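Structural characterization, general
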Amino acid sequence: MRNLILIILIICFGFTSYSQQDKIEQLQNDVNYLASDELKGRETGTEGEKLAASYIIGEFEKIGVEPKGSDGYNQSFDITPKANPHQNEGEFTGEPIKVTNVIGYIDNGAEKTVVIGAHYDHLGLGGEGSLHAGEDEIHNGADDNASGVAIMLQLARDLVKENEPKQNFLFIAFSGEEKGLWGSNYYCKNPTIDLSTVNFMINMDMVGRLDSDKGLAINGVGTSPAWERVLTTTSLNEAKLVTSESGVGPSDHTSFYLKDIPVLHFFTGQHSDYHKPSDDIDLINFEGMARINEYILEIINYLGEEEKIAFTKTKDESEDTPRFTVTLGVMPDYMFQGDGMRIDGVTEGKPASKAGFEAGDVVIKMGDIEVTDMMSYMKALSEFKKGDKTTVIVKRGKKKIKEKVTF
């Protein structure tokens, strides 16, 4: 009997190990293609983005996810951006851009539906939105947001195998997110299912750099009273989490929140490669992506037995954000939970670089203002204008470093 149990355990362990490795390899395959030079950065409306859309459709077809766009898997529309951002409302003089959401559906005949989304567009060769100072170069966006699309596809692979019709699943790869949430905004105004049946929406945007020390950010936890219970009852309670309540943020979940739908936004943190050509596949943590995939599956299964969860409005935290016109030239570490504002990256030629500040330094004072967190850092910046000089104090390990900067 003992030998039989041992054999069963070996078989089960071997299957689980292979299954997890197989999942990691599939995530790698998805990101490797979506973030390849062949797609030239997937800018909205370009041939590269069309190739990405075709790839997603091909995966939906292989998985067995049915089309749920307005034209097969596609939901396309034209938008003409303002050539001049200072034009009056309604004055559009730029060239029309074709925006295409890619939408698939698992119909389990259930009364409620879970929306699972991620944006598949990026910045192309740079231009507007890029933080790259050099010549045009392909912005592959492996983290932003090939990582989110890869997890969305993996969730479709996992959920298509569900036998019990607890919930339906709508998968949306949004276009135009980098342009201003174009795709999700359009979908919520032109839905292909009845939005009143949507239980909640999960958005993955930049989920490829999980760091156990920094933790996993989950935004939107105030959009339903159910989320607190979910985070404390599931295995997420064993992870280091950085949470925020607001349903409003710079990603596609915002469009659904504004339709009174509970949302969660998964995010593994800002980094110095954000909106730069260096956001590439060799920096992706695929084991971390597989872990996030499992967390989301657990949330979906945990809530599958329940009635439709309640929606609650949250305070728009962006309303309290101080307005500032100068910058230190650093990439803040938005996952940092200590006192001060930790620097994740420094831009060459900017004030922080000239002062000798480095990634890992923690800003604790600017002029007379104590910096205790991100909000106080932005408040401090709002006190200065171009040409002003001040003293900035940072902590580097146990040392305090005091330097003059000119904005």
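Here the structure is shown first, and the text comes after it.
Residues numbered from 1 in each chain as written. Predicted model: local features only at pLDDT ≥ 70, side-chain atom pairs only at ≥ 80, totals over all residues. Heavy atoms only, no water.

Remarks on the pairing of strand β14 (residues 389–396)
Pairing of strand β12 (residues 362–366) with β14, which is carried by four bridges, proceeds in the antiparallel orientation. Within β14, the position partnered with V363 by the bridge is V394. Both β14 and strand β15 (residues 399–406) contribute to a ladder of eight bridges, which runs antiparallel. Looking at β15, one finds that V394 is bridged to I401. Where β14 hands over to β15, the hairpin turn is made up of two residues, of which G397 adopts a positive phi near 70°. (Pairing = 2+ DSSP bridges. Helix = DSSP H or I, 4+ residues; strand = E, 2+ residues; numbered from the N terminus.)

Things to note about the packing of aromatic side chains
For the coordinates displayed, the defined rule picks out nine aromatic pairs. Pairing F77 with Y186 gives two aromatic rings, centres 3.9 Å apart and planes at 10°, and the pair type is stacked. Separated by 109 residues along the polypeptide, F77 in strand β2 (residues 74–79) and Y186 in helix α5 (residues 182–189) bring together distant segments of the chain. A relative accessible area of 10% means that F77 is categorised as buried. Taking the relative accessible area as the measure of exposure, Y186 reaches 27% and is therefore partly exposed. (Phe/Tyr/Trp six-rings, centres within 6.5 Å; stacked < 30°, edge-to-face > 60°. Buried < 20%, exposed > 50% of the residue type's maximum accessible area, 1.4 Å probe, protein only.)

Let's talk about the side chain of H139
Within the secondary structure, H139 sits in the loop between β4 (113–119) and α3 (142–159). Polar side-chain contacts of H139 include one of 2.7 Å to the backbone oxygen of E137. The residues contacting H139, other than those within four sequence positions of it, are G41, H122, L123, G124, L125, G126, S130, H132, H275, K276 and P277. (Polar contact = N/O pair within 3.5 Å; in protein donor to acceptor, adjacent residues only side chain to side chain. Contact = heavy atoms within 4.5 Å.)

Topic: the pattern of salt bridges
Pairing of side chains with opposite charge becomes possible as their charged atoms draw close. Overall, the coordinates contain 16 salt bridges when judged by the stated rule. K23 is paired through a salt bridge with D158; the nearest N and O atoms lie 3.3 Å apart. Taken together, the residues K23 in helix α1 (residues 2–34) and D158 in helix α3 connect sequence positions 135 residues apart. Each of the two residues, K23 as well as D158, counts as buried. Taken together, the shared-partner salt bridges in this structure form one network comprising D30, E59, K62 and R157. (Salt bridge = Lys/Arg side-chain N within 4 Å of Asp/Glu carboxyl O.)

Here we look at the pairing of strand β7 (residues 216–219)
Burial along β7 is two-sided: L216 and I218 and A217 and N219, pointing in opposite directions, are all buried. Relative to strand β8 (residues 241–244), β7 runs parallel, the two sharing four bridges. Looking at β8, one finds that N219 is bridged to S244. The handedness of the β7 to β8 crossover, carried by helix α6 (residues 226–233), is right-handed. (Right-handed = clockwise from strand over helix to strand, strands pointing away.)

Honestly, it's all geometry; don't read function into it.
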